[in-house]
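Residue strings, one per chain:
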Amino acid sequence: MKASEAQPNSHSPLAHLEEWEDFLKERYPDPASATAKPFQAIDANKQKEEFRNYEADARPTVREFYRQNHRHQTYEFAQAKRREFLSLNRRQMSIWEAMEYLNTLVDESDPDTDLSQLEHLLQTAEHIRADGQPRWFILAGMVHDLGKMLCLWGEPQWAVVGDTFPTGCRHSDKIVFPQFFADNLDSQNPRYQTDLGVYEEGCGLDQVQLSWGHDEYIYHVTKDYLPEEARYMLRYHSFYPWHREGEYHRLTNAHDRDMLLWVQKFNPYDLYTKSHAKPDVKALRPFYEDLIAEYFPAKLNW
Ligand SMILES: [Fe+2]
Ligand SMILES: [Fe+2]
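Remember, predicted model here, so these are calculated numbers, not experimental data.

Thresholds, definitions, all that
- Residues numbered from 1 in each chain as written.
- Chains lettered and ligands numbered in written order.
- Predicted model: local features only at pLDDT ≥ 70, side-chain atom pairs only at ≥ 80, totals over all residues.
- Helix = DSSP H or I, 4+ residues; strand = E, 2+ residues; numbered from the N terminus.
- Expected span 1.5 Å × (residues − 1).
- Buried ≥ 20, exposed ≤ 12 C-beta atoms within 10 Å, placed from the backbone.
- Contact = placed C-beta atoms within 7 Å.
- pLDDT = per-residue confidence, 0-100.
- Axes fitted to C-alpha atoms, helices over the stretch in contact; angles between N-to-C directions.
- Parallel < 35°, antiparallel > 145°, perpendicular 65-115°, else oblique.
- Arc of directions from axis to C-beta.

**Points about helix α6 (residues 117–130)**
Working note: α-helix, 3.6 residues per turn, so residues spaced by three or four point in the same direction.
So, point 1. In a regular helix each residue adds 1.5 Å, so 14 residues correspond to 20 Å; α6 covers 20 Å between its end C-alpha atoms and thus fits that length.
So, point 2. With 11 of 14 residues buried, α6 is to be regarded as a mostly interior element.
So, point 3. Among the residues of α6, Q117, L118, H120, L121, L122, Q123, T124, A125, E126, I128 and R129 are the ones counted as buried.
So, point 4. On the buried face of α6, the contacting elements are α5 (95–102), α7 (135–143), α11 (254–272) and α12 (281–295).
So, point 5. Backbone geometry just after α6 places G132 at a positive phi near 70°.

**Considerations on the confidence of the model for the protein chain**
So, point 1. Scored by pLDDT, the protein chain comes out at a mean of 90, with 88% of its residues at no less than 70.
So, point 2. The model gives residues 36–43 a pLDDT under 50, and that stretch makes 7 contacts with residues more than four places away or in other chains.

**A word on the packing of α7 against α12**
Helix-helix packing is characterised by the crossing angle of the two axes and by the distance between the axes.
So, point 1. The contact between α7 and α12 brings their axes to 10 Å, and the two run at 105°. Overall, the two elements α7 and α12 adopt an arrangement that is roughly perpendicular. Here R135, W136, I138, L139 and M142 of α7 lie close against α12, whose contacting residues are Y288, L291, E294 and Y295.

**What about unusual backbone geometry?**
So, point 1. Even without being glycine, L88 reaches a positive phi, approximately 50°.
So, point 2. Assignment of secondary structure puts L88 in the loop between α4 (75–85) and β1 (92–93).

**Let's talk about α5**
So, point 1. Restricting attention to buried positions, one finds in α5 the residues I95, A98, M99 and L102. Axial view of α5: buried residues confined to an arc of 100°, hence all on one face.
So, point 2. Buried residues along α5 sit against β1, α6, α7, α12 and β2 (300–301).

In structure tokens form, the structure reads like this:
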């Protein structure tokens, strides 16, 4: 049976984590590619129709993944996971060790690219480097998905990947598969069902508790060592309702709106740089070890 035909498994519906990102690529085609229509040219009705198609065409595994994610990612869950993981007392590792550790993640590899997790990260970083971006930007590309190691600590896929969204206030209907929020306990709590929910208007995203996953985790591991623009890239790279849909504006402050540009600048490297061309890990390692040493201590707390 091909991965695309696989039926969802209840604990880890996705055959591999990249199935989620492959779906995002279909939902958000590369605006720079010849086949994608410019955003402005799509009228509201048409956009709605296409949105429905993305859902209808989604693999059963991806659909089941979103069903679980939207059901279980409550305000309380996101808070509990922050308490559980953000004390960063699990182990000490260098960035390169963390990359090798993430590489032990055994799920079916992505048949579209056949790259390991480490190769994926290097591929993203190499595209950023080839575009002549600053060194901290290259480094952000290399570390941005290291938080996926949460899977190695027994966390289910729906608590590691998936487009993130604010908890504690009304769910935007621009989030993919919004109907699955009917099973989320927060949908029955009137306090969480207003536009602002538990937040104040313009409070800033730093005050907002997004659904839990690999973004928030890697942000906390690395935040003391990276420039602000890179911190935003890591923390919000999966926050598609904000950086691609323009939702939740009311929760942002002026600083978030300045930084949005950088999150958007990062997104194409995250989503559209996957290819079969395997990076030469051995040859690239010295460059990246130098770059890591420029910003990070020898060991970080994970
Ligand atoms: Fe990611
Ligand atoms: Fe990524």
